[in-house]
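Single-letter residue listing:
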Amino acid sequence: MGKRSTRTNKNIYQIARENLDLTRSKASEKMDYISADRIEKIESEKSLPHPDEILTMAQAYKFPGLCNYYCSHECPIGEQYVPELQPKELSQIVLEMLASLNALDKVKNRFIEITVDGKITEDEYEDFADIQDELRNISLSASTLQLWIDQMIADGQIDGEKLENARKK
(Lines give C-alpha, C1' and ligand atoms only; values in the text may rest on other atoms or scores of the structure.)
Protein backbone atom coordinates (compact mmCIF):
# COMPACT_ATOMS: atom_id res chain seq x y z
CA MET A 1 0.00 0.00 0.00
CA GLY A 2 1.20 3.53 -0.75
CA LYS A 3 2.31 5.88 1.95
CA ARG A 4 -0.36 7.78 3.84
CA SER A 5 -0.56 11.54 3.48
CA THR A 6 0.56 13.62 6.44
CA ARG A 7 -0.96 16.79 5.01
CA THR A 8 -3.09 18.53 7.64
CA ASN A 9 -5.42 20.59 5.48
CA LYS A 10 -6.98 17.76 3.47
CA ASN A 11 -10.03 18.51 1.40
CA ILE A 12 -13.20 16.43 1.44
CA TYR A 13 -12.17 14.46 -1.64
CA GLN A 14 -8.92 13.26 -0.06
CA ILE A 15 -10.66 12.49 3.23
CA ALA A 16 -13.32 10.45 1.42
CA ARG A 17 -10.67 8.45 -0.45
CA GLU A 18 -8.56 7.88 2.64
CA ASN A 19 -11.60 6.78 4.67
CA LEU A 20 -11.63 3.71 2.42
CA ASP A 21 -7.85 3.29 2.79
CA LEU A 22 -7.41 3.81 -0.95
CA THR A 23 -4.25 5.14 -2.50
CA ARG A 24 -4.74 7.45 -5.47
CA SER A 25 -3.69 4.60 -7.71
CA LYS A 26 -6.23 2.17 -6.20
CA ALA A 27 -8.93 4.85 -6.32
CA SER A 28 -8.14 5.44 -9.97
CA GLU A 29 -8.62 1.73 -10.67
CA LYS A 30 -12.13 1.93 -9.17
CA MET A 31 -12.97 4.83 -11.50
CA ASP A 32 -12.82 4.20 -15.23
CA TYR A 33 -11.46 7.50 -16.46
CA ILE A 34 -10.03 9.45 -13.52
CA SER A 35 -6.28 9.02 -13.32
CA ALA A 36 -4.22 9.09 -10.15
CA ASP A 37 -2.64 12.33 -11.41
CA ARG A 38 -6.09 13.89 -11.83
CA ILE A 39 -7.07 12.79 -8.31
CA GLU A 40 -3.89 14.43 -6.99
CA LYS A 41 -4.75 17.71 -8.75
CA ILE A 42 -8.26 17.69 -7.28
CA GLU A 43 -7.06 16.82 -3.79
CA SER A 44 -4.29 19.42 -3.82
CA GLU A 45 -6.77 21.97 -5.22
CA LYS A 46 -4.64 22.65 -8.27
CA SER A 47 -7.71 21.88 -10.34
CA LEU A 48 -11.44 21.91 -9.66
CA PRO A 49 -13.30 18.64 -10.23
CA HIS A 50 -15.92 18.32 -12.95
CA PRO A 51 -19.48 17.24 -12.05
CA ASP A 52 -19.09 13.86 -13.76
CA GLU A 53 -15.91 13.25 -11.73
CA ILE A 54 -17.78 14.04 -8.52
CA LEU A 55 -20.49 11.51 -9.38
CA THR A 56 -17.84 8.89 -10.08
CA MET A 57 -15.89 9.66 -6.88
CA ALA A 58 -19.07 9.65 -4.77
CA GLN A 59 -19.88 6.18 -6.04
CA ALA A 60 -16.33 4.82 -5.82
CA TYR A 61 -15.80 6.25 -2.33
CA LYS A 62 -19.28 5.21 -1.16
CA PHE A 63 -19.92 8.78 -0.07
CA PRO A 64 -22.96 10.37 -1.75
CA GLY A 65 -22.42 13.49 0.37
CA LEU A 66 -19.63 14.48 -2.03
CA CYS A 67 -22.30 15.50 -4.54
CA ASN A 68 -24.00 17.84 -2.08
CA TYR A 69 -20.65 19.26 -1.01
CA TYR A 70 -19.66 19.98 -4.59
CA CYS A 71 -23.00 21.57 -5.46
CA SER A 72 -23.17 23.73 -2.33
CA HIS A 73 -19.49 24.79 -2.33
CA GLU A 74 -17.99 24.65 -5.81
CA CYS A 75 -20.76 24.93 -8.40
CA PRO A 76 -21.62 28.59 -9.07
CA ILE A 77 -25.33 27.81 -9.45
CA GLY A 78 -25.42 25.39 -6.56
CA GLU A 79 -23.67 27.82 -4.23
CA GLN A 80 -26.70 30.05 -4.61
CA TYR A 81 -29.47 27.44 -4.65
CA VAL A 82 -28.29 24.25 -2.97
CA PRO A 83 -27.97 24.23 0.82
CA GLU A 84 -25.19 22.24 2.44
CA LEU A 85 -26.68 19.17 4.09
CA GLN A 86 -25.37 17.97 7.41
CA PRO A 87 -25.44 14.22 8.07
CA LYS A 88 -27.91 13.40 10.84
CA GLU A 89 -29.44 10.38 12.48
CA LEU A 90 -32.76 9.21 11.05
CA SER A 91 -34.65 10.03 14.25
CA GLN A 92 -33.41 13.63 14.22
CA ILE A 93 -34.32 14.05 10.54
CA VAL A 94 -37.85 12.73 11.12
CA LEU A 95 -38.43 14.83 14.23
CA GLU A 96 -37.24 18.01 12.50
CA MET A 97 -39.48 17.29 9.53
CA LEU A 98 -42.50 16.61 11.75
CA ALA A 99 -41.87 19.78 13.75
CA SER A 100 -41.86 21.83 10.54
CA LEU A 101 -44.96 20.08 9.21
CA ASN A 102 -46.74 20.75 12.51
CA ALA A 103 -45.71 24.41 12.44
CA LEU A 104 -46.94 24.72 8.86
CA ASP A 105 -50.20 22.99 9.73
CA LYS A 106 -50.84 25.66 12.39
CA VAL A 107 -50.52 28.49 9.85
CA LYS A 108 -52.07 26.86 6.76
CA ASN A 109 -55.19 29.05 6.92
CA ARG A 110 -53.03 32.18 7.10
CA PHE A 111 -51.02 30.87 4.14
CA ILE A 112 -54.24 30.53 2.14
CA GLU A 113 -55.33 34.05 3.14
CA ILE A 114 -52.01 35.51 2.04
CA THR A 115 -51.80 33.73 -1.30
CA VAL A 116 -55.44 33.66 -2.43
CA ASP A 117 -55.24 37.03 -4.19
CA GLY A 118 -51.84 36.35 -5.76
CA LYS A 119 -50.26 39.35 -3.99
CA ILE A 120 -48.37 39.81 -0.75
CA THR A 121 -49.45 43.00 0.95
CA GLU A 122 -47.46 45.02 3.46
CA ASP A 123 -49.24 43.46 6.45
CA GLU A 124 -48.60 39.92 5.14
CA TYR A 125 -44.82 39.97 4.70
CA GLU A 126 -43.86 38.90 8.21
CA ASP A 127 -46.26 35.94 8.25
CA PHE A 128 -45.27 34.98 4.71
CA ALA A 129 -41.57 35.04 5.65
CA ASP A 130 -42.27 32.71 8.61
CA ILE A 131 -44.19 30.33 6.35
CA GLN A 132 -41.40 30.45 3.77
CA ASP A 133 -38.90 29.49 6.50
CA GLU A 134 -40.98 26.46 7.47
CA LEU A 135 -41.26 25.40 3.83
CA ARG A 136 -37.49 25.71 3.52
CA ASN A 137 -37.07 23.58 6.66
CA ILE A 138 -39.33 20.87 5.19
CA SER A 139 -37.36 20.91 1.94
CA LEU A 140 -34.07 20.70 3.85
CA SER A 141 -35.37 17.79 5.94
CA ALA A 142 -36.52 15.95 2.81
CA SER A 143 -33.12 16.44 1.15
CA THR A 144 -31.32 15.34 4.33
CA LEU A 145 -33.50 12.23 4.46
CA GLN A 146 -32.67 11.42 0.83
CA LEU A 147 -28.95 11.83 1.57
CA TRP A 148 -29.33 9.53 4.59
CA ILE A 149 -31.04 6.91 2.38
CA ASP A 150 -28.34 7.22 -0.29
CA GLN A 151 -25.63 6.76 2.35
CA MET A 152 -27.39 3.69 3.82
CA ILE A 153 -27.56 2.19 0.32
CA ALA A 154 -23.86 2.97 -0.26
CA ASP A 155 -23.00 1.36 3.09
CA GLY A 156 -25.06 -1.74 2.23
CA GLN A 157 -27.48 -1.20 5.13
CA ILE A 158 -30.43 -0.70 2.75
CA ASP A 159 -30.87 -2.79 -0.38
CA GLY A 160 -31.24 -0.19 -3.11
CA GLU A 161 -32.63 -2.70 -5.58
CA LYS A 162 -35.38 -3.84 -3.18
CA LEU A 163 -36.20 -0.20 -2.44
CA GLU A 164 -36.48 0.58 -6.15
CA ASN A 165 -38.65 -2.49 -6.76
CA ALA A 166 -40.95 -1.51 -3.88
CA ARG A 167 -41.24 1.97 -5.42
CA LYS A 168 -42.44 0.44 -8.71
CA LYS A 169 -45.28 -1.52 -7.04
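In the block above lies the structure referred to throughout.
Criteria and thresholds
- Residues numbered from 1 in each chain as written.
- Predicted model: local features only at pLDDT ≥ 70, side-chain atom pairs only at ≥ 80, totals over all residues.
- Heavy atoms only, no water.
- Core = buried A, V, L, I, M, F, W, Y, C linked by side-chain atoms within 4.5 Å.
- Buried < 20%, exposed > 50% of the residue type's maximum accessible area, 1.4 Å probe, protein only.
- Helix = DSSP H or I, 4+ residues; strand = E, 2+ residues; numbered from the N terminus.
- Contact = heavy atoms within 4.5 Å.
- Patch = residues over 30% accessible without salt bridge, like charges linked within 9 Å, V, L, I, M, F, W, Y side chains within 5 Å.
- Areas by Shrake-Rupley, 256 points an atom, 1.4 Å probe, with all protein chains shown as cover.
- Salt bridge = Lys/Arg side-chain N within 4 Å of Asp/Glu carboxyl O.
- Phe/Tyr/Trp six-rings, centres within 6.5 Å; stacked < 30°, edge-to-face > 60°.

A. Fine view of the nonpolar core. Tyr13, Met31, Met57, Tyr61 and Leu66 are the most contacted members of the largest nonpolar core, which totals 16 residues. For this core, the secondary structure elements donating two or more residues are helix 1 (12–19), helix 3 (36–43), helix 4 (51–60) and helix 5 (65–73). Look past the residues within four positions of Met57 in its chain and what remains in contact with it is Tyr13, Met31, Ile34, Ile42, Pro49, Lys62 and Leu66.

B. Quick peek at a nonpolar patch on the surface. A cluster of nonpolar side chains, Leu90, Val94, Leu95, Leu98 and Leu101, forms an exposed patch at the surface whose accessible area comes to about 410 Å². Summarising the element assignment, Leu101 is placed in helix 7 (residues 90–106).

C. The arrangement of the packing of aromatic side chains in detail. Summed over all chains, the structure comprises 2 aromatic pairs. For the pair Tyr13 and Tyr69, a centre-to-centre distance of 6.1 Å together with 80 degrees between the ring planes defines the contact as edge-to-face. Placement of the pair is Tyr13 in helix 1 and Tyr69 in helix 5, with a sequence separation of 56 residues. With a relative accessible area of 2%, Tyr13 lands in the buried category. What makes Tyr69 partly exposed here is its relative accessible area of 23%. A centroid spacing of 6.5 Å and a plane angle of 40 degrees characterise the contact between Phe111 and Phe128, whose relative ring orientation is tilted. Here the residue Phe111 occupies a position in helix 8 (residues 108–115), and Phe128 occupies one in helix 9 (residues 125–154), the gap between them amounting to 17 residues. Taking relative accessible area as the criterion, Phe111 reaches 25% and is therefore assigned partly exposed. Judged by its relative accessible area of 24%, Phe128 is partly exposed.

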